[in-house]
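The residues making up each chain are set out below.
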Amino acid sequence: MNEQEMGSVPREARSYQGANAGVVTRLSAGVVDALVVALALAGSYAAWVALVFVLDPRRFSMPDASLLVSVALFLAYLVVYLTVSWWMAGRSLGDHIWGIRVTSRNGDLLGLVRAFVRAVTCAFFPVGLLWCAVDRDRRSFHDLVLRTSVVYDWLPHPSARWGARSD
């Protein structure tokens with residue numbers, strides 16, 4: 001990475017650029033991502049209610065929001081959101097805010113298949129993230145199984161190191 005690329009990174013953060021992210025940063029990014037998905041789900045519900053109202057306003061009543069269906073839709077939205085985010089940019093909105101990027105072990109962006117499998121494992125086994133609190137290399141269960149890394153990266157676009165796709 002050259003000095004011009006690093007110019008946008010605060011001096012205090014430069015020594016962490018490329019280092020593995022810890023559990024607090026990852027959890028914080030996860031909370032942001034869960035809020036984004038919850039807002040998308042709420043927006044979808046509002047759109048559904050509006051459609052039901054427009055189709056038959058005289059007999060309109062609020063559709064029931066089943067807990068089981070809501071949880072299933074939340075997980076489906078989360079998987080799609082994380083898959084597309086990690087595949088296209090290596091980061092979700094939460095990752096971007098906290099300055100981290102998901103990469104393969106050699107620093108490449110994830111391919112579609114690996115991004116999807118990682119999103120599924122993160123959505124259905126979120127407690128696996130806590131393993132990075134005890135791992136000396138700060139790798140979560142998901143990182144160990146799928147050979148991925150979560151590194152600090154404040155640059156807006158993947159650097160040359162993160163330019164290629166894997167899978």
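What you see is a predicted model; the values in this text were computed from it and never measured. (Residues numbered from 1 in each chain as written. Predicted model: local features only at pLDDT ≥ 70, side-chain atom pairs only at ≥ 80, totals over all residues. Heavy atoms only, no water.)

Colleague: Explain helix α4 (residues 67-88) to me, please; I cannot follow it from the model alone.
Modeller: Along an α-helix, residues three or four apart share an orientation, since each turn contains 3.6 residues. Its 22 residues give α4 an end-to-end C-alpha distance of 31 Å, which sits within 8% of 32 Å, the value for a rise of 1.5 Å per residue. What α4 keeps buried is the set Leu75, Leu78, Val79, Tyr81, Leu82, Thr83, Ser85 and Trp86. Where α4 starts, the residue carrying a side-chain oxygen 3.4 Å from the main-chain nitrogen of Leu68 turns out to be Ser66. Downstream of α4 by a residue or two, Gly90 has a phi angle that is positive, lying close to 80 degrees. (Helix = DSSP H or I, 4+ residues; strand = E, 2+ residues; numbered from the N terminus. Expected span 1.5 Å × (residues − 1). Buried < 20%, exposed > 50% of the residue type's maximum accessible area, 1.4 Å probe, protein only. Polar contact = N/O pair within 3.5 Å; in protein donor to acceptor, adjacent residues only side chain to side chain.)

Colleague: I would appreciate a short explanation of the packing of α4 against helix α6 (residues 112-124) in the present structure.
Modeller: Relative placement of two packed helices is described by the angle separating their axes and the distance separating the axes. Running from N to C, α4 and α6 point in directions that differ by 140 degrees, and their axes come no closer than 8 Å. With respect to α6, the element α4 is oriented oblique. You can see that α4 and α6 cross each other, and the crossing is right-handed. Two secondary-structure elements touch here, α4 through Leu75, Leu78, Val79, Leu82, Thr83, Trp86 and Trp87 and α6 through Leu112, Ala115, Phe116, Arg118, Ala119, Val120, Cys122, Ala123 and Phe124. A per-class count over the contact of α4 with α6 returns 14 nonpolar, one polar and one charged. (Axes fitted to C-alpha atoms, helices over the stretch in contact; angles between N-to-C directions. Parallel < 35°, antiparallel > 145°, perpendicular 65-115°, else oblique. Left-handed = near helix turned anticlockwise from the far one by under 90°. Contact = heavy atoms within 4.5 Å. Nonpolar A, V, L, I, M, F, W, Y, C, P; charged D, E, K, R; others polar.)

Colleague: Even after reading the chapter, I still don't get the pattern of salt bridges, so can you show me in this structure?
Modeller: Pairing is possible between side chains that carry opposite charge, provided their charged atoms lie close to one another. The full count for this structure, using the stated rule, is seven salt bridges. A salt bridge links Arg101 to Asp153, with the nearest nitrogen and oxygen atoms 2.5 Å apart. With a gap of 52 residues between them, Arg101 in strand β1 (residues 100-104) and Asp153 in the segment after β2 (148-152) connect regions that are remote in the sequence. Taking relative accessible area as the criterion, Arg101 reaches 1% and is therefore assigned buried. Of the charged contacts in the structure, one is a salt bridge between Asp143 and Arg118, with a shortest N-O distance of 2.6 Å. A residue pair is termed long-range when its members are at least 10 positions apart, and Asp143 in helix α7 (residues 141-146) and Arg118 in helix α6 qualify at 25 residues. Overall, the relative accessible area of 0% leaves Asp143 in the buried class. When salt bridges that share partners are traced, they join Asp135, Arg136, Asp137 and Arg139 into one network. (Salt bridge = Lys/Arg side-chain N within 4 Å of Asp/Glu carboxyl O.)

Colleague: Help me understand the packing of helix α3 (residues 23-55) against α4, please; the structure alone is not making it clear to me.
Modeller: Close contact between α3 and α4 brings their axes to 9 Å; oriented N to C, the two are set at 120 degrees. Accordingly, the angle class assigned to the pair α3 and α4 is oblique. Taken as a pair, α3 and α4 cross one another with a handedness that is right-handed. In contact with Asp33, Ala34, Val36, Val37, Ala38, Ala40, Leu41 and Ser44 of α3, α4 contributes Ser70, Leu73, Phe74, Tyr77, Leu78, Tyr81 and Leu82. Tallied by class, residues from the contact of α3 with α4 come to twelve nonpolar, two polar and one charged.

Colleague: Hey, could you run me through the nonpolar core in this one?
Modeller: Buried together is how nonpolar side chains tend to be arranged in soluble globular proteins. One finds Leu82, Trp86 and Ile100 to be the most contacted residues of the largest nonpolar core, which totals 18 residues. Mapped by element, the contributors of at least two residues to this core are α3, α4, β1, α6 and β2. Ranked by residue count, the leading element in this core is α4, at six residues. Sequence-distant contacts of Trp86, defined by excluding residues within four places in its chain, comprise Arg91, Ser92, Asp95, Val102, Leu110, Ala115, Arg118, Ala119 and Cys122. (Core = buried A, V, L, I, M, F, W, Y, C linked by side-chain atoms within 4.5 Å.)

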